[in-house]
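Examining the three-dimensional arrangement
Residues per chain are reported as follows:
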Amino acid sequence: MNYRMILYLLGVILILVGGFLLCPCLFALIYQEKEGWDILLTAGVSTGLGALFVLQLPKRRTMHAREGFLMVALSWVVISLVGAVPFVLSGVIPNYIDAVFETVSGFTTTGASILTNVEALPHCLLFWRSFTHWLGGMGVLVLMLAIVPMSGDSIHLLRAESPGPSVGKMVPKMRMTAWILYGIYIAMTLLQFVLYRLGTLFGWGEIPVFDSICLTLGTAGTGGFAVRADGLASYSMYEQALTTVFMILFGINFSIYFFILCKKFKLVWQNTELKCYIGIILTAIALITINLVLTNHTIHTIGDTVHYVAFSVGSVITTTGYGTVDFALWPEFSKIVLLLLMVSGACAGSTGGGVKVSRLVILFKFACAEVRHLLHPNAVDVMTVDKKRVGKEVIRGTTGFFVVYIALMGLCILLVSLDGFGIETTVSSVFATLNNIGPGVSSLVGPFGSYAAFSALSKIVLSLAMLFGRLEIFPMLLLLRPGTWRRNG
């Protein structure tokens, strides 16, 4: 175990967080908000503490799988604990557990909030909430890999932080892969912001610049923190439709965009996960729209109903969590469809959460192979996805992930049920946090609800669920396993 390297990288992370905290200070300066001093103080302490860890460069700088997973889990815990401090110092969220819940929700791009009056927050802290989404979307460690030269097999860091059953390099150099990922991420973020502003220019909406910035950051990270109490309900149809499109785009595996840049269009058309992802979205929109029409829950016209349903489906499957209508009031069939979308999630290698479409594809193919094996015991069955053989280690990892995922979900539901809320609230709150979605399908934790009523124990459990979900379970499991920390563990 390379403890010295872990401490060194944690120092780098603390310095990065200190630098990130300077961004909301700029908004505090613009809007003349005293809370900027609390953020600045936190930035100074974080940077100073990080500098102590990086004073001496480790002699051995290699990172193996165990160090990589531990480093990622530790980093996300640390940035959440530090990022919560400005909320407490400013008095906006006096309770530290509540502040940690809010910050974990931000960095894990969940969007679940304990705030009941978000519009009362100063601009600098509203920006910080949305900025945590953007940082957590692509991953803080991916950014660090792009900035800090590292020797050894640093792909363990990327695999531990990036969502999906199989993560590899886009190009031979790990650092260049990180730069490509962030380059695509930044370009798409800027494009969405520009389109927001063009909509205002041409009279299609009147979204303020500050709102444009925050909503863009939240969409890019598929987070869901809004700056208005009604989510996106009061924005124009153009702004809502634009957000729908970009939520879905950010839910696509970023390697698809890399293929497009390299003009490898054949690989894009043949991508099974992408086709399934689009197919699930279109099917869900059709099913929910038909259900709403048949049960007289139509929202104004049928065209408007399709518009709002598409927004909700895009928000849930990409685990963004923005809301335009309260889908907690929809019929049970529609809410069940949304619950299934929560489990499905977006594509591997995207900024979305959930189980991931690629895992569902592998599990489905594995189940079909088992049925065929029962009928033809002596047949040799080779599983393929996109005309490539799926290795046994990927199948083992996928099935193992799903088993632990179900067990963890059951444990979280059991603990949260101690609060005594109804089964709909209890189950959907765990679904919403473990899958990094944010809003559940009950009125208490719905798109316009809040997690403020939960006990401290439930907030801790749900905060851990968000971290488990964002880091795909195993890094957090290793962090909490005592044997991991032994030198020969």
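Residues numbered from 1 in each chain as written. Predicted model: local features only at pLDDT ≥ 70, side-chain atom pairs only at ≥ 80, totals over all residues. Heavy atoms only, no water.

1. Looking at helix H3 (residues 35-53)
When the terminal C-alpha atoms of H3 are compared, their 28 Å separation across 19 residues agrees well with the 27 Å that a helix rising 1.5 Å per residue should span. Within the span of H3, buried status applies to Glu35, Gly36, Asp38, Ile39, Thr42, Ala43, Ser46 and Gly50. All buried residues of H3 lie within an arc of 160° about the axis, which places them on one face of the element. Away from its buried face by more than 90 degrees, H3 exposes Trp37, Leu41, Val45 and Leu52. Against helix H1 (3-20), helix H2 (22-30), helix H4 (65-83), helix H5 (85-90) and helix H7 (123-138) lie the buried residues of H3. (Helix = DSSP H or I, 4+ residues; strand = E, 2+ residues; numbered from the N terminus. Expected span 1.5 Å × (residues − 1). Buried < 20%, exposed > 50% of the residue type's maximum accessible area, 1.4 Å probe, protein only. Arc of directions from axis to C-beta. Contact = heavy atoms within 4.5 Å.)

2. As for the side chain of Asn435
Summarising the element assignment, Asn435 is placed in the loop between helix H20 (423-434) and helix H21 (456-470). By relative accessible area, which is 0% here, Asn435 ends up buried. A polar atom in the side chain of Asn435 sits 2.8 Å from the side chain of Tyr405. What Asn435 contacts, discounting residues up to four positions off in sequence, is Thr319, Met342, Val343, Gly353, Gly354, Val355, Tyr405, Met409 and Val430. (Polar contact = N/O pair within 3.5 Å; in protein donor to acceptor, adjacent residues only side chain to side chain.)

3. Thoughts on the nonpolar core
Residues Phe254, Tyr277, Trp330 and Tyr451 are the most contacted members of the largest nonpolar core, which totals 140 residues. Aside from chain neighbours lying at most four places away, what touches Tyr277 is Met247, Ile248, Gly251, Ile252, Ile317, Thr318, Ala346, Cys347 and Val357. (Core = buried A, V, L, I, M, F, W, Y, C linked by side-chain atoms within 4.5 Å.)

4. Observations concerning a nonpolar patch on the surface
Taken together, Val194, Leu198, Leu201, Phe202 and Trp204 make up a surface patch of nonpolar side chains, about 520 Å² in accessible area. In this structure, Val194 sits in helix H10 (residues 174-201). You can call Val194 partly exposed: its relative accessible area is 40%. (Patch = residues over 30% accessible without salt bridge, like charges linked within 9 Å, V, L, I, M, F, W, Y side chains within 5 Å. Areas by Shrake-Rupley, 256 points an atom, 1.4 Å probe, with all protein chains shown as cover. Salt bridge = Lys/Arg side-chain N within 4 Å of Asp/Glu carboxyl O.)

5. Thoughts on the pattern of salt bridges
For the structure shown, the criterion picks out eight salt bridges. Two residues, Lys335 and Glu332, come together in a salt bridge whose shortest N-O distance is 3.2 Å. Taken together, the positions of Lys335 and Glu332, both in helix H17 (residues 332-344) and three residues apart, correspond to about one turn of that helix. Salt-bridge contacts for Glu472 lead to Lys356; the nearest nitrogen and oxygen are separated by 3.1 Å. Note that Glu472 is positioned in the loop between H21 and helix H22 (474-480) and Lys356 in the loop between H17 and helix H18 (357-375), a separation of 116 residues in sequence. One exposure class covers both Glu472 and Lys356, and it is buried. Several salt bridges share partner residues, and in doing so they unite Glu332, Lys335 and Glu424 into one network.

6. So, the layout of surface pockets
Empty space left among the atoms is revealed by rolling a probe the size of a water molecule over them. Of the voids in this model, the second largest pocket is the one considered here, and its volume is about 380 Å³. Residue lining of the second largest pocket: 26 residues in total, with Ser113, Ala229, Pro447, Phe448 and Gly449 positioned closest to the centre. Taken together, the residues of the lining of the second largest pocket break down into 12 nonpolar, 12 polar and two charged. (1 Å grid on protein atoms, 1.4 Å probe; cavity = no way out; pocket = protein on both sides within 12 Å on 5 of 7 lines; lining within 4 Å. Points joined across faces, edges and corners; volume = space filled by probe spheres on them. Nonpolar A, V, L, I, M, F, W, Y, C, P; charged D, E, K, R; others polar.)

7. Quick look at the packing of H1 against H4
Running from amino to carboxyl end, H1 crosses H4 at an angle of 35°, the nearest separation of the two axes being 10 Å. The way H1 lies across H4 gives a crossing that is right-handed. Note on element contacts: H4 touches H1 through Glu67, Met71, Leu74, Ser75, Val78, Ile79 and Val82, opposite Ile6, Leu9, Leu10, Ile13, Leu14 and Val17. Here the contact of H1 with H4 is composed, by residue class, of 11 nonpolar, one polar and one charged. (Axes fitted to C-alpha atoms, helices over the stretch in contact; angles between N-to-C directions. Left-handed = near helix turned anticlockwise from the far one by under 90°.)

8. Points about H20
Between its first and last C-alpha, H20 extends 16 Å over 12 residues, near the 16 Å set by a 1.5 Å rise per residue. Counting buried residues in H20 gives nine out of 12 residues, a clear majority hidden from the surface. Here H20 has its buried residues at Thr425, Thr426, Ser428, Ser429, Val430, Phe431, Ala432, Thr433 and Leu434. Where H20 is buried, its residues touch H17, helix H19 (392-416) and H21. Remark: Asn436 follows H20 within two positions and exhibits a positive phi of approximately 60°.

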